[in-house]
Amino acid sequence: MNTDARAIALRYYHLAGRDAHADFRALAQNPQGVFLFSPTLVVLMKPVHSHSPQEWGQLHASPATADGWYVHLLVGSLQQARGLAPMLPPLRWVCFQRGLRNARPHVWPWRRVCP
């Protein structure tokens, strides 16, 4: 089994029938977006309004007054991902959806994810 986070992320996109490169391009247009694509960690995230999940997937832009980080995709080492936290502007919430299994929006306190 391939453990390269990049390969796993691309496989996820393929299985979901989505265009990874379109998401990468959209997030690259967002000056506040975070895009990391390495063998051990893939992260796509951006600042959002936690109460507006219908806007979370619009990767090309972020609101001027965000209160949370939307994690669009995270594959690989959670420990490494948590290590990024001190480099990010502090926001109160972490927002995410669980992909193919459960697309229901989740909003967790930042301290629950990065104590």
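Below, the structure is looked at part by part. (Residues numbered from 1 in each chain as written. Predicted model: local features only at pLDDT ≥ 70, side-chain atom pairs only at ≥ 80, totals over all residues. Heavy atoms only, no water.)

Structural notes on the overall build of the chain
Moving on, step 1. Scanning the chain from N- to C-terminus turns up four helices and five strands.
Moving on, step 2. Scanning the chain from its N terminus toward the C terminus, one meets helices and strands in the order α-α-β-β-β-α-β-β-α.
Moving on, step 3. Here the C-alpha coordinates of the chain stretch approximately 40 × 30 × 25 Å along the principal axes.
Moving on, step 4. Sorting the 115 residues of the chain into buried and exposed places 38% on the buried side.
Moving on, step 5. Sequence separation of at least 24 residues holds for 52% of the intrachain contacts in the chain that already meet a minimum separation of 6.
Moving on, step 6. For the chain, the computed accessible surface area is about 7000 Å², with 56% contributed by carbon and sulfur atoms.
Moving on, step 7. When the 12 positive and 5 negative side-chain charges of the chain are each reduced to one mean point, those points stand 10 Å apart. (Helix = DSSP H or I, 4+ residues; strand = E, 2+ residues; numbered from the N terminus. Buried < 20%, exposed > 50% of the residue type's maximum accessible area, 1.4 Å probe, protein only. Contact = heavy atoms within 4.5 Å. Areas by Shrake-Rupley, 256 points an atom, 1.4 Å probe, with all protein chains shown as cover. Lys, Arg positive; Asp, Glu negative; His and termini not counted. Charge placed at Lys NZ, Arg CZ, Asp CG, Glu CD.)

Details of helix α1 (residues 5-16)
Residues spaced three or four apart along an α-helix point in a common direction, a consequence of the helix completing one turn every 3.6 residues.
Moving on, step 1. For α1, with 12 residues, the first-to-last C-alpha span of 16 Å sits near the 16 Å given by 1.5 Å per residue.
Moving on, step 2. The set of residues buried in α1 consists of A5, A9 and Y13. Projected onto a plane normal to the axis of α1, the buried residues spread over an arc of 80° and lie on a single side. Across α1 from its buried face, at more than 90 degrees, point the exposed residues H14 and L15.
Moving on, step 3. Contact partners of the buried residues in α1: α2 (20-28), β2 (41-48) and β3 (68-76).
Moving on, step 4. The first or second residue beyond α1 is G17, which carries a positive phi of 70°. (Expected span 1.5 Å × (residues − 1). Arc of directions from axis to C-beta.)

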